Structure formats: structure tokens, C-alpha cells
Amino acid sequence: MAIREILTDRDPALHKKCHPVTAFDARLGDLLDDLKDTLANANGAGLAAPQVGILRRAVVVVDENEHMLELVNPELIASEGEQDGLEGCLSLPGMWGYVLRPERATVKAQDRYGKWFEVSGEGVVARCFCHEIEHLDGHVFTEHVDRVYTTEDLDELMGEEKQPRRRRRRR
């Protein structure tokens, strides 16, 4: 279909609560197709409709098998465990932070035709479910972090982590 522009954090649309999808029609299908094309082009793990300026409750997430899941009106219905990991966002390029998320998450959502289903994911997929659903309520991951890291900060951190390992091997 089409690759849409991904809005950055400065755009007010990213900070607004989205409306539920009520019309399961060709326009919704086009939006979901555009979200998938845009996500693939950006090489991301998930994308929410408000990130392309559409205030509707629709997201796409890449699952563990590299398939794109379409989630319309998604709700997080169960979660277990926890993971504290590095997270970024296509709407906040070059910014990263450590965010505590569930290790496993289950979402109830509708497909593009309005049929309800449930899907579960672990690790990165669970993280993406939570991250993208938060976008639908006008939130971004930086609200959860103590510190925002730039790409340069991460490169420096990775360099520091590798340095002691090299010294140990030389002994």
C-alpha cells in the first residue's frame, strides 16, 4: 500500500488517547496495510496508528516467527514475570532507556474484520505488546525510564562492557 511518515515525539498526536475502531471496512484494511509497510520499511518491531497520525486503536507487532500481527482495539488481559530491558521507539529516534515490562503478556484484540481473538507473547513480543498499547493511550516509553540514553551513550556503554572481558582473556 503506502509507507507513511512516522511522527516524532514532538507531535501532539502521540500524546492523545486514541478512539476505538468501530468501522471494520476498507479504510481500516488500508491503515493496517500501511502500518505493516511502514514498519517493514523502518525495520522496527511494532507500530501504532497514532505514530502515523491516526488516532485509532490499531497496532502491528512482529511476533517471534517474524509475522506481523494486526491488533485492533487491543487490551492487555494478562501478564507474568518481568524483564528489565533496553527499549527504543521509532517515534523517538536515537533515544533508548531501560524499561521494566512483563516477561509474558496476553492481548485480546480484534482482527481487521472485527473478530475477537487472543494472542500471547514472551520477551520482545510481550515488550512490544505493552509498548504499542501504551501509544494508544498517549504514552511513550520515556515516561518509564530514569535516564534516556543516546546512541552514543549506548556505544560507550557497550565499549565499557567489552573492555573488562578482553582484559580477563589476556591474563
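Residues numbered from 1 in each chain as written. Predicted model: local features only at pLDDT ≥ 70, side-chain atom pairs only at ≥ 80, totals over all residues. Heavy atoms only, no water.

## Re the environment of glutamate 134
Part 1 of the reasoning: Following the sequence through the fold, glutamate 134 ends up in helix H2 (residues 124-136).
Part 2 of the reasoning: When the C-alpha positions of glutamate 134 and aspartate 84 are compared, they lie 17 Å apart, and in sequence the two are 50 residues distant.
Part 3 of the reasoning: Among residues more than four places away in sequence, those in contact with glutamate 134 are Arg101, His139 and His144.
Part 4 of the reasoning: At 3.1 Å, the side chain of glutamate 134 and the side chain of arginine 101 are in polar contact. (Helix = DSSP H or I, 4+ residues; strand = E, 2+ residues; numbered from the N terminus. Contact = heavy atoms within 4.5 Å. Polar contact = N/O pair within 3.5 Å; in protein donor to acceptor, adjacent residues only side chain to side chain.)

## Things to note about the confidence of the model for the protein chain
Part 1 of the reasoning: Of all residues in the protein chain, 93% have pLDDT values of 70 or greater, and the mean over the chain is 92.
Part 2 of the reasoning: Counting contacts from residues 164-171, a segment whose pLDDT is below 50, to residues more than four positions away or on other chains yields zero contacts. (pLDDT = per-residue confidence, 0-100.)

## Topic: the packing of aromatic side chains
The geometry of an aromatic ring pair is captured by two quantities: the separation of the ring centres and the angle between the planes.
Part 1 of the reasoning: Tallied over the entire structure, the rule returns one aromatic pair.
Part 2 of the reasoning: Here tyrosine 98 and tyrosine 149 contribute two aromatic rings whose centre-to-centre distance is 5.9 Å and whose plane-to-plane angle is 90 degrees, an arrangement assigned as edge-to-face. Placement of the pair is tyrosine 98 in strand S5 (residues 95-101) and tyrosine 149 in strand S8 (residues 149-150), with a sequence separation of 51 residues.
Part 3 of the reasoning: Taking NZ or CZ as reference, lysine 108 lies 5.0 Å from the ring centre of tryptophan 116, over its face. (Phe/Tyr/Trp six-rings, centres within 6.5 Å; stacked < 30°, edge-to-face > 60°. Lys NZ or Arg CZ within 6 Å of the ring centre and 35° of its normal.)

## Structural notes on the sheet that holds S5
Part 1 of the reasoning: With antiparallel pairing, the three strands of this open sheet are ordered in space as S4-S5-S8. Of all the strands in the sheet, just strand S4 (83-88) and S8 have a single pairing partner and so form its edges.
Part 2 of the reasoning: Pairing of S5 with S8 involves two bridges; the strand directions are antiparallel. What sits directly across from tryptophan 96, in S8, is tyrosine 149.
Part 3 of the reasoning: Sitting on the sheet, H2 touches S4 and S5, and the angle it makes with S4 is about 55 degrees. (Pairing = 2+ DSSP bridges. Axes fitted to C-alpha atoms, helices over the stretch in contact; angles between N-to-C directions.)

## A short note on the pairing of S5
Side-chain positions along a regular strand alternate between the two faces of the sheet.
Part 1 of the reasoning: When S4 meets S5, the two strands line up antiparallel, connected through six bridges. When the sheet's bridge partners are listed, leucine 86 is paired in S5 with tyrosine 98.
Part 2 of the reasoning: The loop that links S4 with its antiparallel partner S5 comprises six residues; one of these, glycine 94, has a positive phi angle of about 80 degrees.

## Re unusual backbone geometry
Part 1 of the reasoning: In the Ramachandran plot, asparagine 43 falls in the positive-phi region, its phi being about 60 degrees despite a non-glycine side chain.
Part 2 of the reasoning: Looking at where asparagine 43 falls in the secondary structure, it is placed in the loop between helix H1 (26-42) and strand S1 (46-48).
Part 3 of the reasoning: When its relative accessible area of 70% is taken as the criterion, asparagine 43 is described as exposed.
Part 4 of the reasoning: For glutamate 66, which is not a glycine, the phi torsion comes out positive at approximately 70 degrees.
Part 5 of the reasoning: As for its position among the elements, glutamate 66 is in the loop between strand S2 (58-62) and strand S3 (68-80). (Buried < 20%, exposed > 50% of the residue type's maximum accessible area, 1.4 Å probe, protein only.)

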